[in-house]
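Letter by letter, the chains look like this.
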Amino acid sequence: MLRASGPPLNRLFWRRVFVAPVCLCAVAALHLYRVSACQQTPWKGGGFGMFSTVQSEDSRFLWCWKAEAGCLSDSEMHAGKPIAIPRFLSREELRLRVAPTPQRLDRLARLLAEHEHAPVLVEVWQYRFDSQSGKLLAVKREQAKGSP
Amino acid sequence: MNTLLLSPLRRLRELQLDLPSLAPLRVLPLLTMLHLLVSSADNGLLFAPLAAWFALGVAMPRLLRSSPFWYVTATILGTGVFLTWESADNHRYLFVYWSLALCCAFSLPKTEQPLALAISSRWLLGLCMLLAAVWKIASPDYLSGSFFHFELLADERFAHVASWTSGLSLEQLAENRTLRESLVAGQLLGTELSQVQLHTSSGVTTVAQVLTWWTLGIEGLLAGLFLAAAVLPRSPRLVLVASLALLCFAATTYAVAPVRGFGGILMLLGLAQCEPEQKRLRYAFLAAFTLIQLCPLPLMDLIAALGLM
């Protein structure tokens, strides 16, 4: 058996033993805060909430439209051209899907508008699964407009 | 008849006694290096510094059993997690904690190192399982069975289990994934859908309920057992039960879904927390670790490939 007899273990021993578990608890507490304050998905962030909910970053998706200069209303923007997120903004996009805060959404809309040299509308959507009917239902969460 | 049966068993027992003791502090640094390199192979930014650092460790084996080596490893891994938090899976966090546990254990006098590593491992396993179980209890779509219902219908990792148990064909399940894609990317394709109907069956609901309660039950059990073993370090029987439960969890989980990173680190933690006299248990964890590394394909894929389903 591991150390059944011998001198009692000192404080240094116990401090070293608890370094890793304390780090785990600290990150898990931060993750819990971010899930409640930043709508971060439980799947990401070190809180071990994977395989607990459909609401992963994959369930959140973005729809973006590029409008003509001067078009500012939602209907005018929706009438514009649908655009995909360029590759250089893929990390910003993923961060937005993992934790869709209004600040992050505004930032992505601004960066996208600068890239497109035109006003853009960015919408964050999320699907949920209805197990009774077997349907995936998409719901719009937030939106932001960006100007170059 | 009995003599015939007993003789090979006795020989096997004698052979087991001759096997090396698989001392965790000797084998774990090497296995950890291997696992970290395999798990970060798809991440160039992390793989390059890790590979360079581990090459130094292989060239100077004494370095592998030193505290600074694992401190630097934890720093490299922690920086990787910090810079890519949006894509870092939970097992990457566990890699950092594990490296820290090795760093702290090697900083202690040699006689205290195995116990320190064993207790840290039990705490890490217990807390990890506790958090996993708590998130599941806190999630209404998990408790209703809706989460596993959806995973079975639209997650490729569960396709063979779903097809095998529910009667849905692999083509229908592939179509479900296409439907999900059309919902997500519909705006670019010119089909702005607000809902899609997935193929489902009553069998899927039953399987989803079984998976829901089995997963929650075993994770809760593992959390209780490992936290109890961490608090009561002088109870080898408790360690034995907890270890067997962990091996059962690995067999039922990673045979279905190939999550190699998480499975591998759990087996290393399991090996680290065994008592010295539990030699066979250590070999069982080593075998499970090797299987998880060698079989990135799930069992269901293999069975399907062999034409048994």
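Preceding block: the structure.
This paragraph deals with the overall build of chain A. Each helix and strand in chain A was counted, giving four helices and four strands. Ordered by position in the sequence, the α and β elements of chain A form the string α-β-α-β-α-α-β-β. Relative to the 2.2 N^0.38 estimate, which gives 15 Å for 148 residues, the radius of gyration of chain A is 22 Å and therefore markedly larger than a compact globule would have. Seen along its three principal axes, the alpha-carbon backbone of chain A occupies a region of about 80 × 40 × 25 Å. Burial statistics for chain A: of 148 residues in total, 51% are counted as buried. Carbon and sulfur atoms form 55% of the exposed surface of chain A, whose accessible area is close to 7,000 Å². The centroid of the 21 positive side-chain charges in chain A is displaced by 14 Å from the centroid of its 13 negative side-chain charges.

In this structure, Phe48(A), Leu94(B), Trp98(B), Leu117(B), Leu152(B), Leu266(B) and Met267(B) are the most contacted members of the largest nonpolar core, which totals 122 residues. Setting aside residues no more than four positions away along its own chain, Leu94(B) makes contact with Leu24(A), Phe48(A), Cys128(B), Phe262(B), Ile265(B), Leu266(B) and Leu269(B). Residues Cys64(A), Leu108(A), Leu112(A) and Ala113(A) belong to the second largest nonpolar core, which totals 15 residues.

Right, let's talk about the packing of helix 3 (residues 44-59) of chain B against helix 5 (residues 67-83) of chain B for a bit. Residue and element names in this part refer to chain B. In contact at an axis separation of 10 Å, helix 3 and helix 5 are set at 175 degrees when each is read in the N-to-C sense. The orientation of helix 3 relative to helix 5 falls into the category roughly antiparallel. Facing helix 3, whose interface residues are Leu46, Pro49, Leu50, Trp53, Phe54 and Gly57, helix 5 presents Pro68, Phe69, Val72, Thr73, Ile76, Leu77 and Gly80. Here the contact of helix 3 with helix 5 is composed, by residue class, of ten nonpolar, three polar and no charged.

Before going further, it helps to examine a positive patch on the surface. Together, Arg26(B), Arg62(B), Arg65(B) and Lys110(B) line one region of the surface with positive charge. Turning to its location among the elements, Arg26(B) is positioned in helix 2 (residues 24-39).

Attention shifts here to the state of the cysteines. Here a disulfide denotes one covalent bond, and it connects the sulfur atoms of two cysteines. Residues and elements named next belong to chain B. One pass over the full model with this rule turns up zero disulfides over all chains. Left without a disulfide partner, Cys103 is nearest to the cysteine sulfur of Cys104, which lies 4.9 Å away. Cys103 sits in the buried class, given a relative accessible area of 8%. Free of any disulfide, Cys274 has its nearest cysteine sulfur in Cys248, 16 Å distant.

Let's shift gears to the interface of chain A and chain B. Every contact between the two is made by 61 residues of chain A and, on the other side, 64 residues of chain B. For the pair chain A and chain B, the summed buried surface comes to about 5,800 Å²; carbon and sulfur atoms form 67% of the total. For the salt bridge of Glu86(B) with Arg91(A), the shortest nitrogen-to-oxygen distance reads 3.2 Å. At the surface where chain A touches chain B, the tally comes to 22 residue pairs in polar contact (both at pLDDT 80 or more). For the side of chain A that touches chain B, the secondary structure elements donating two or more residues are helix 1 (11-37), strand 1 (60-66), strand 2 (81-83), helix 3 (90-98), strand 3 (120-130) and strand 4 (135-146) of chain A.

This part covers the packing of helix 3 of chain A against helix 4 (residues 102-116) of chain A. All names here are of chain A. For the pair helix 3 and helix 4, the least separation of the axes is 10 Å and the interaxial angle reads 155 degrees. Taken together, helix 3 and helix 4 sit at an angle that is classed as roughly antiparallel. Both helix 3 and helix 4 take part in a crossing whose hand is left-handed. In this structure, helix 3 contributes Glu92, Glu93, Arg95 and Leu96 to the contact, and helix 4 contributes Arg104, Leu105, Arg107, Leu108 and Leu111.

This paragraph deals with the environment of Gln39(A). All names here are of chain A. Residue placement: Gln39 occurs in the loop between helix 1 and strand 1. In this structure Gln39 comes out as partly exposed when scored by relative accessible area, which is 30%. Residues Gln39 and Thr101 lie 62 residues apart in sequence; the distance between their C-alpha atoms is 7.1 Å. When near neighbours in sequence (up to four residues on either side) are disregarded, Gln39 contacts Arg34, Arg60, Val98, Ala99, Pro100, Arg141 and Glu142.

To continue, consider a nonpolar patch on the surface. A contiguous nonpolar patch, built from Ile137(B), Leu143(B) and Trp213(B) and spanning about 300 Å² of accessible area, is present on the exposed surface. Mapped onto the fold, Ile137(B) is located in helix 7 (residues 113-138).

What follows covers the sheet that holds strand 4 of chain A. Here five strands make up an open sheet; going across it, the order is 2(A)-1(A)-3(A)-4(A)-1(B) and the pairing antiparallel. Either end of the sheet is taken by a strand with one partner, and the two such strands are strand 2 of chain A together with strand 1 (195-197) of chain B. Each neighbouring strand pair of the sheet contributes to a mean axis angle of 30 degrees, computed without reference to strand direction. Examined bridge by bridge, strand 1 of chain A and strand 2 of chain A share three bridges and lie antiparallel to one another. Bridging from a neighbouring strand, Trp65(A) pairs with Pro82(A) of strand 2 of chain A.

Residue and element names in this part refer to chain A. Backbone geometry at Gln39 places phi at a positive 55 degrees, although glycine is not the residue there. A positive phi is found at His117, a non-glycine position, where the angle reads about 55 degrees. Residue position: His117 is located in the loop between helix 4 and strand 3.

Conventions used here
Note that residues are indexed from 1 along each chain, following the sequence as it is written. In the order they appear in the text, chains get letters beginning with A and ligands get numbers beginning with 1. Since the coordinates come from a predicted model, pLDDT governs what is reported: local features require at least 70, and pairs of side-chain atoms require 80 or more to be given and counted, while whole-chain, interface and lining totals use all residues. Excluded from the side-chain calculation are hydrogens and water; included are all heavy atoms of the structure. Under the scheme used here, helices are H or I runs from DSSP no shorter than 4 residues and strands are E runs no shorter than 2 residues, and both carry numbers assigned from the N terminus. Computation of the radius of gyration draws on C-alpha atoms alone. For the globule rule, the value is 2.2 Å times the number of residues to the power 0.38. The cut-offs for exposure are 20% and 50% of the maximum accessible area for each residue type, with area from a 1.4 Å probe on protein chains only; residues under the lower value are buried, those over the upper are exposed, and the others partly exposed. Surface exposure here means Shrake-Rupley accessible area, sampled with a 1.4 Å probe, where a residue is shielded only by the protein chains that are shown. In summary, the charge assignment counts Lys and Arg as positive and Asp and Glu as negative, without counting His or the chain termini. By convention, the charge on Lys lies at NZ, on Arg at CZ, on Asp at CG and on Glu at CD. Put simply, a nonpolar core is a bunch of buried Ala, Val, Leu, Ile, Met, Phe, Trp, Tyr and Cys residues held in one set by side-chain atoms that sit within 4.5 Å of each other. We call two residues in contact when some of their heavy atoms are within 4.5 Å. Axis lines are fitted to C-alpha atoms, over the contacting stretch for helices. Their N-to-C directions set the angle, which ranges from 0 to 180 degrees. Angles are sorted into four bins: roughly parallel if under 35 degrees, roughly antiparallel if over 145, roughly perpendicular if 65 to 115, and oblique for all others. Under the scheme applied here, ten amino acids are nonpolar (Ala, Val, Leu, Ile, Met, Phe, Trp, Tyr, Cys and Pro), four are charged (Asp, Glu, Lys and Arg), and all others, including Gly, are polar. Only residues above 30% relative accessible area that lack a salt bridge enter a patch, with like-charged residues linked at up to 9 Å and the nonpolar side chains Val, Leu, Ile, Met, Phe, Trp and Tyr linked at up to 5 Å. Salt bridges are defined by distance alone: a side-chain nitrogen of Lys or Arg within 4 Å of a carboxyl oxygen of Asp or Glu. Cysteine sulfur atoms that pair up within 2.5 Å are treated as a disulfide. Joining two parts hides part of their accessible area as seen by a 1.4 Å probe, and the buried area is that hidden amount summed over both. Polar contacts here mean pairs of N or O atoms no more than 3.5 Å apart (in protein, one a potential hydrogen donor and the other a potential acceptor; neighbouring residues in sequence count only if both atoms are side-chain atoms). By definition, any crossing whose near helix is turned counterclockwise from its far helix by less than a right angle is left-handed, and any crossing with a clockwise turn is right-handed. The pairing criterion for strands is at least two bridges between them, as found by DSSP.

On their own, these measurements won't tell you what the molecule is for.
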